[in-house]
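Chain by chain, the residues:
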Amino acid sequence: MAELDHRAGQVLDAIDDLNVRENTLVIWMSENGPEEIFPHNGTAGPWRGTYFTALEGSLRAPFLVRWPGKIEAGAVHNEIMHVTDLYPTLAHIAGAKIPTDRIIDGLNQFDFLSGKAKRSPREGFPVYNGDILQAYKWRNWKLHFRTQETMRSNIERPGMPRLYNLLTDPKGGVRPYRKGR
């Protein structure tokens, strides 16, 4: 982590030294949660899971943006963005047109990132592992159709889908949601 922090600082310093800070959009992100296999294993903080699972620890990943004058410095959000949103967002920023002859999964997040919109236009997304639909996340809820504790464990189908409120159960699987809870 110290090496990653050091190298990120070097990249940002180089952008500053070139005097292109105000005209450079920097995105620092990860596509999935922590590694599971020792000794490289990590933690997803309060969430359970590692990559290659449908658990929150796999899905919640860092996404940092710097674009002085366009995106507020120091802003922190808990809205949903998906990696597929980068394509239409960056196309919008560059003034490029999105193809209309096919479905594009991503949503343009520029208004949200720039503070013009208070919320992300994305409310949810399906969670696949390979070609298996394991869960669907909608706002602070997740419905699991399949369960998998670790990337090396079998994918199982519970007797019925499991619904979790991620605000009251951030580990998303400690206890199923039941009416009256």
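Residues numbered from 1 in each chain as written. Predicted model: local features only at pLDDT ≥ 70, side-chain atom pairs only at ≥ 80, totals over all residues. Heavy atoms only, no water.

*Asks:* What should I look at first to understand the pattern of salt bridges in this one?
*Replies:* Oppositely charged side chains can pair when the atoms bearing their charge come close. One pass over the full model with this rule turns up 12 salt bridges. When salt bridges with common partners are traced through the structure, they connect E56, R60, K137 and K142 into a single cluster. (Salt bridge = Lys/Arg side-chain N within 4 Å of Asp/Glu carboxyl O.)

*Asks:* Quick question: what am I supposed to make of the confidence of the model for the chain here?
*Replies:* Across the chain, the average pLDDT comes to 89, with 94% of residues at or above 70. Per-element mean pLDDT across the chain ranges from 88 in helix α2 (residues 56-59) up to 98 in helix α3 (residues 86-94). (pLDDT = per-residue confidence, 0-100. Helix = DSSP H or I, 4+ residues; strand = E, 2+ residues; numbered from the N terminus.)

*Asks:* Could you clarify how one ought to interpret helix α1 (residues 2-17) in this entry?
*Replies:* Each α-helix turn comprises 3.6 residues. Residues three or four places apart therefore point the same way. Between its terminal C-alpha atoms α1 stretches 22 Å, which fits the 22 Å expected from 16 residues at 1.5 Å a residue. Looking one or two places after α1, you find N19, whose phi comes out positive at around 60°. (Expected span 1.5 Å × (residues − 1).)

*Asks:* I would appreciate a short explanation of unusual backbone geometry in the present structure.
*Replies:* Note: most residues except glycine have negative phi, and most peptide bonds are trans. A cis amide bond links F38 with the next residue in sequence, P39, at an omega value of 10°. Tracing the sequence through the fold places P39 in the loop between β1 (26-29) and α2. One non-glycine residue, N19, lies in positive phi territory at about 60°. In this structure, N19 sits in the loop between α1 and β1. Its identity as a non-glycine residue notwithstanding, R139 has a phi of 50°, on the positive side. Structurally, R139 is set in the loop between β4 (132-138) and β5 (141-144).

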